[in-house]
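# Inside the fold
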Amino acid sequence: MSSVATEISVDGQGLSDRLAALALIGEIEGTDGACRLALTDEDRDGRDLVVTWMRDLGLEISIDGIGNVTGTLAGAEPGPPVMCGSHIDTVRTGGRYDGNLGVLAGLQVIEAVQRAGITTRRPLAVGFFTDEEGSRFPPDMLGSLVYTGELPLEEALDIVGTDGAVVGEELDRIGYRGPAPCPSPPPHAFIELHIEQGPILDTEGIVIGAVTGVQGISWTEITVAGQSNHAGTTPMDMRHDAGWAATRIAVFVHELAEEFGPPQVCTVGRVELHPNLVNVVASDAVLTVDMRNTDDDLLTEAEDRLAAFLEELAAESGTGITSRRLARFAPVEFDPDMINRVEKAAAELGFSHRRLCSGAGHDAQMFAPVCPTSMVFVPSWQGISHNPFEHTEPEHLEAGANVMLRVMLELAEIAETSEVTETAGATA
């Protein structure tokens, strides 16, 4: 890498300012967090702001049929770009860093390259992908699934959300159903900067995580059909109690995770009871089970164990129990050379670093099968995420962005540098 390339860096204050500005859209009062569920009015407004910033940088903007947005800075030669990106949709109780960091740091990388007067041989691109969270429209990583061809566009457009909205109709309503084709041509390489969303880096006092891969994810929605009845007059052995059955499921998956041991995790994240009254035996329950493991065979075994338990529970409780899969992703391993590049960049910049696997799903895992891919993690305070109080120190945000900048410049290769850049580099 040229000496000029090693001396340029992102504007850390600019990154923090952009994160703060985006967090004002869908702001959760009294916190630094935001709620921008996919394809809502708040998501549209967030998209509009980021697209405006892309236009300010003079990027060529492309919007595809599922609403993924890509901004590209041309290189000296045409061809697939070195791409970074993430998402700007949030969960209902979102923080300001999850997803947003990877997108806005990408803008800062491109701005730093432009400010330095550098022209890269390969184009540089930054994208944000629709409905990464899956909170409104399952599955998660919906946009990147379509982008990489893992999910047909037509099927994705027909997905019905938790509120009854349809993906295609909502894309039309907010004006983000674009003309670019799906799937899109794969980039030369893909890198995603993200907060860890876990406690490892923060606990160990390490600045940069070189992510080795993403554990497998299984989401299941379970429906229990019982019988509504009076809570005071119905004997316990004559009930068909959907609420009790739902509780048994939650206990079962928790104990299953304990039995398997790390890294197996299981979560019941949503429970809905009907009629949901204090003095009425619940007639119906709907709940979700999230199971994750780095070993696909063990994840499959956990799924099989849950299915067998549901069959036994239906007979024991006198209820009807059905399930449907919301999402299923096998574990993903990132490209070894890309992981090495992240470690090398962190070392050259003087940042402490370690390898670790991601416990959360990310858009990067969808790119791993189609191009060399890696991720950069920075610490999450106390491991808190999907929470308005998630926090990452500004110097860590800047450190992660500079690691990503260095990796992207290596991959894109500098073609030429202006005289102004050389002077600026000499006095930096």
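Residues numbered from 1 in each chain as written. Predicted model: local features only at pLDDT ≥ 70, side-chain atom pairs only at ≥ 80, totals over all residues. Heavy atoms only, no water.

### So, the overall build of the protein
From N to C terminus, the protein includes 14 helices and 17 strands. What you see for the protein is a C-alpha radius of gyration of 23 Å, in line with the 22 Å of a compact globule of 428 residues. Taking the principal axes of the C-alpha coordinates as reference, the protein spans close to 85 × 45 × 40 Å. When burial is assessed residue by residue, the protein has 54% of its 428 residues classed as buried. Counting every atom, the protein has about 17600 Å² of accessible surface; 50% of that belongs to carbon and sulfur. (Helix = DSSP H or I, 4+ residues; strand = E, 2+ residues; numbered from the N terminus. Rg over C-alpha atoms; globule rule 2.2 N^0.38 Å. Buried < 20%, exposed > 50% of the residue type's maximum accessible area, 1.4 Å probe, protein only. Areas by Shrake-Rupley, 256 points an atom, 1.4 Å probe, with all protein chains shown as cover.)

### Looking at the sheet that holds strand E13 (residues 320-329)
One open sheet accounts for four strands, arranged E10-E12-E8-E13; its pairing is antiparallel. With partners counted over all chains shown, the strands left at the sheet margins are strand E10 (265-274) and E13, one partner each. Neighbour-to-neighbour, the strand axes of this sheet turn through a mean angle of 15 degrees, independent of strand direction. By the bridge criterion, eight bridges tie E10 to strand E12 (residues 284-293) in an arrangement that is antiparallel. (Pairing = 2+ DSSP bridges. Axes fitted to C-alpha atoms, helices over the stretch in contact; angles between N-to-C directions.)

### Things to note about the pairing of E12
Counting buried positions over the 10 residues of E12 gives nine, a clear majority of the element. Sheet topology places strand E8 (residues 216-225) next to E12; 10 bridges connect them, and they run antiparallel. For Ile 222, the partnering residue across the bridge sits in E12 and is Leu 287.

### Some words on a negative patch on the surface
A surface patch of like charges, here negative, comprises Asp 295, Asp 297, Glu 301 and Asp 304. The topology assignment puts Asp 297 in helix H10 (residues 296-317). The exposure class of Asp 297 is exposed, given its relative accessible area of 63%. (Patch = residues over 30% accessible without salt bridge, like charges linked within 9 Å, V, L, I, M, F, W, Y side chains within 5 Å. Salt bridge = Lys/Arg side-chain N within 4 Å of Asp/Glu carboxyl O. Lys, Arg positive; Asp, Glu negative; His and termini not counted. Charge placed at Lys NZ, Arg CZ, Asp CG, Glu CD.)

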